[in-house]
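Spelled out from the first residue to the last, the chains are:
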Amino acid sequence: SGVPGKLQCFFEMVVEVVDGLVKDTFHGKSKLVAPLAITIFMLTFLMNFMDMLPVDALPAAAHASGINYLRVVPTADLNTTLGMALTVFLLIQYMGIKHKGVGGFFGEFFTAPFGPKIAPANLLLRLIEEAVRPVSLSLRLFGNMYAGELIFILIAVMTLGATLSDTSFYALAPMQFIAGFIWTAFHVLVITLQAFIFMVLTIVYLSMAAEHH
């Protein structure tokens, strides 16, 4: 009730966009997909967004607390993205078995796409397809976030070792500020796009698992 604030409007927009995307993409019946999609998007976006924090802020705070090493951006670690991708992979298998039954789901391993007469080729292609999904999901997100974090670090060390009395500091400091500003603006698009891609591919994979060939 009442006039919604900007934060409420933002979350309502996100919910409506994701709900519409699920309705257009997922052709089965499941109450799990839309909440899962928005959870994946927000979780991935917020983990990616930690790259927007000053590059040494949290590590410095951790060092002051006695923690000598801290990796700030979770999605710049392959363990995180692979764990998320494997979770989606297990959900794909669950969705397929739920909609087709055990016999129908595993029967497609031998009958699609070329029919039962070429069962070995069907099985080989299906195994490759299933293996590629978690690999592509995890490596795409990890690679983009790792590269983005690395560029932030490279920009941050442009004036490393320079003092206020050095000529190099006055030459590099403006370049460092401009490069940091441009990359931050561009990286906002990257972190949003990567979260969106991870969510969309999850919906597509779940839809493919639920559809009958």
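Below is a summary of the structure that appears in this document. Predicted model, so just to flag it, every value in this text is computed and none were measured.

1. Things to note about the overall build of the chain
Thought 1: Of regular secondary structure, the chain possesses 6 helices and 0 strands.
Thought 2: Each helix and strand of the chain, placed in order from N terminus to C terminus, yields the pattern α-α-α-α-α-α.
Thought 3: Taken against the 2.2 N^0.38 rule, which gives 17 Å for 213 residues, the C-alpha radius of gyration of the chain at 22 Å runs more than 25% over that of a compact globule.
Thought 4: By principal-axis analysis of the C-alpha atoms, the chain measures approximately 80 × 55 × 35 Å.
Thought 5: Burial analysis of the chain (213 residues in total) assigns 32% to the buried set.
Thought 6: Put simply, 73% of the contacts in the chain that link residues at least 6 apart link residues at least 24 apart.
Thought 7: For the chain, the exposed surface amounts to about 12700 Å²; the carbon and sulfur share of it is 74%.
Thought 8: Taken as two groups, the 11 positive and 13 negative side-chain charges of the chain have centres that lie 14 Å from each other.

2. Describing the side chain of Ser-138
Thought 1: Within the secondary structure, Ser-138 sits in helix α5 (residues 119–156).
Thought 2: Judged by relative accessible area, Ser-138 falls into the buried class, the value being 2%.
Thought 3: A polar contact is formed between the side chain of Ser-138 and the backbone oxygen of Val-135, at a distance of 3.1 Å.
Thought 4: Residues contacting Ser-138, with those up to four places away along its chain left out, are Leu-78, Thr-81, Leu-82 and Ala-85.

3. Concerning the environment of Ser-207
Thought 1: For Ser-207, the position within the fold is in helix α6 (residues 167–210).
Thought 2: Taking relative accessible area as the criterion, Ser-207 reaches 5% and is therefore assigned buried.
Thought 3: Not counting residues within four places of it along the chain, the set of residues in contact with Ser-207 comprises Thr-25, Phe-26 and His-27.

4. Looking at the packing of helix α1 (residues 6–25) against α6
Thought 1: At their nearest, the axes of α1 and α6 sit 10 Å apart, and the two run at 30° to each other. When the axes of α1 and α6 are compared, the crossing they make is right-handed. Counting all contacts with α1, which are made through Val-18, Leu-21, Val-22 and Thr-25, the residues of α6 involved are Phe-196, Met-199, Val-200, Ile-203, Val-204 and Ser-207.
Thought 2: For the contact of α1 with α6, the per-class residue count stands at 8 nonpolar, 2 polar and no charged.

5. A look at the pattern of salt bridges
Thought 1: One pass over the full model with this rule turns up 7 salt bridges.
Thought 2: Among the ionic pairs, Asp-19 bridges to Lys-23, the shortest N-O distance being 3.2 Å. Residue Asp-19 and its partner Lys-23 are located together in helix α1, separated by 4 residues, close to a single helical turn.
Thought 3: With a relative accessible area of 29%, Asp-19 lands in the partly exposed category.
Thought 4: A single salt-bridge network, built from bridges that share partners, covers Lys-100, Glu-108, Arg-126, Glu-129, Glu-130 and Arg-133.

6. Some details on the environment of Val-55
Thought 1: Assignment of secondary structure puts Val-55 in the loop between α2 (33–49) and α3 (57–64).
Thought 2: Here Val-55 is in contact with Ile-153 and Ala-156, once residues within four sequence places are set aside.

Criteria and thresholds
Residues numbered from 1 in each chain as written. Predicted model: local features only at pLDDT ≥ 70, side-chain atom pairs only at ≥ 80, totals over all residues. Heavy atoms only, no water. Helix = DSSP H or I, 4+ residues; strand = E, 2+ residues; numbered from the N terminus. Rg over C-alpha atoms; globule rule 2.2 N^0.38 Å. Buried < 20%, exposed > 50% of the residue type's maximum accessible area, 1.4 Å probe, protein only. Contact = heavy atoms within 4.5 Å. Areas by Shrake-Rupley, 256 points an atom, 1.4 Å probe, with all protein chains shown as cover. Lys, Arg positive; Asp, Glu negative; His and termini not counted. Charge placed at Lys NZ, Arg CZ, Asp CG, Glu CD. Polar contact = N/O pair within 3.5 Å; in protein donor to acceptor, adjacent residues only side chain to side chain. Axes fitted to C-alpha atoms, helices over the stretch in contact; angles between N-to-C directions. Left-handed = near helix turned anticlockwise from the far one by under 90°. Nonpolar A, V, L, I, M, F, W, Y, C, P; charged D, E, K, R; others polar. Salt bridge = Lys/Arg side-chain N within 4 Å of Asp/Glu carboxyl O.

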